[in-house]
Amino acid sequence: MTVDPEPVAVDLGSAQLRIWLRPGGLLSVPIGEGLRTPVVRRGRIVDGPACVAELRRLLRDNRTPVPVGALVVACRPVLSRRADQEAMRHVLTAVLAPSRLLFIDTVRAGAIGAGAAAGTLLLADVGAQLSEVAVLEDGHVVAARRAEVGTRDLNHAVTAAMLADTVARLVRELRRDPAVRPLVAAALARGVVVVGDGATRPDLTARLVAALGASVHRAASPRTAALTGASLAATAASRHPAGN
């Protein structure tokens, strides 16, 4: 009898590279510190070899063996271009040599990880360098918007109020779409779920309440909600090999 390797989940963020493996749990390393150029910028891999090196270092430093041939589920920013997805594929293939590599939109993974995927949902993922907003129906992304701004920009010319206004603008854009307007209205009545680093900032969430005129719910573990959701998706996919 052969036993398939345990599934793996990956979240290549602009501030942290995170890997989930069943034997080792969650592994994370900050990126950009001590490096001359960024590895990931605004949700896109800009230095593939450096990203490969950082992921290998993360596994090596934690003395975690790579489960060769595992099923891997990787988070990708919503509305990612094909070229961005292929860059992720090259990096993860070099490091993990998966038997299957599946991608999941970060907003969908965040909803699953927050335990809020059922029903109609409006989710905002406010990360380090990217903010994503999506309306989901039973865990499936119906429509989404994104902006290349995040919490790391708060140290420069962007205030919490400006970041909250950007997220609110993305929601208004969704509301103007006739195809999803009823879903957005229903989701706002339920309240907006916020994940990512922005969910840890009370000043930002308070501004969102005022800007949206709706309640805002912070995920229990907002920084790792997407990776948690991806790990649950990986586990489910490994049990049902024919599924997507």
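Just above, that's the structure.
*Asks:* Looking at this structure, how should I read the sheet that holds strand 11 (residues 192-195)?
*Replies:* One key point about sheets: their strands pair by backbone hydrogen bonds, in either a parallel or an antiparallel sense. Taken in spatial order, the five strands line up as 10-9-8-11-12 in an open sheet, and their pairing is mixed. Looking along the sheet, the strands with just one partner apiece sit at the ends: strand 10 (140-147) and strand 12 (216-218). In this sheet, adjacent strand axes meet at a mean angle of 25° when their direction is disregarded. Two elements, strand 8 (residues 120-126) and strand 11, share four bridges in a ladder whose sense is parallel. Looking at strand 11, one finds that A124 is bridged to V194.

*Asks:* Please clarify how the nonpolar core should be interpreted in this entry.
*Replies:* One recurring pattern in soluble globular proteins is that nonpolar side chains are buried together. Core analysis: the largest hydrophobic core is formed by 29 residues, its most contacted members being L122 and V133. Those elements giving two or more residues to this core turn out to be strand 8, strand 9 (131-137), strand 10, helix 4 (160-175), helix 5 (181-190), strand 11 and helix 6 (202-212). Considering every element that reaches this core, the biggest residue donor is helix 4, with seven residues. Sequence-distant contacts of L122, defined by excluding residues within four places in its chain, comprise V133, A134, V135, V171, L174, A187, L188, G191, V192 and V193.

*Asks:* Before we go on, may I ask you to explain the pattern of salt bridges in this structure?
*Replies:* Close approach of charged atoms allows side chains of opposite charge to pair. Considering all chains together, one arrives at 13 salt bridges under this definition. In this structure, E148 engages R44 in a salt bridge whose closest nitrogen and oxygen atoms are separated by 2.6 Å. Linking E148 in the loop between strand 10 and helix 4 with R44 in strand 5 (residues 44-45), this pair joins segments that are 104 residues apart in sequence. Looking at R44, the relative accessible area reads 22%, which means it is partly exposed. By sharing partners, the salt bridges in this structure join R44, R81, D84 and E148 into a single network.

Rules used throughout
Residues numbered from 1 in each chain as written. Predicted model: local features only at pLDDT ≥ 70, side-chain atom pairs only at ≥ 80, totals over all residues. Heavy atoms only, no water. Pairing = 2+ DSSP bridges. Helix = DSSP H or I, 4+ residues; strand = E, 2+ residues; numbered from the N terminus. Axes fitted to C-alpha atoms, helices over the stretch in contact; angles between N-to-C directions. Core = buried A, V, L, I, M, F, W, Y, C linked by side-chain atoms within 4.5 Å. Buried < 20%, exposed > 50% of the residue type's maximum accessible area, 1.4 Å probe, protein only. Contact = heavy atoms within 4.5 Å. Salt bridge = Lys/Arg side-chain N within 4 Å of Asp/Glu carboxyl O.

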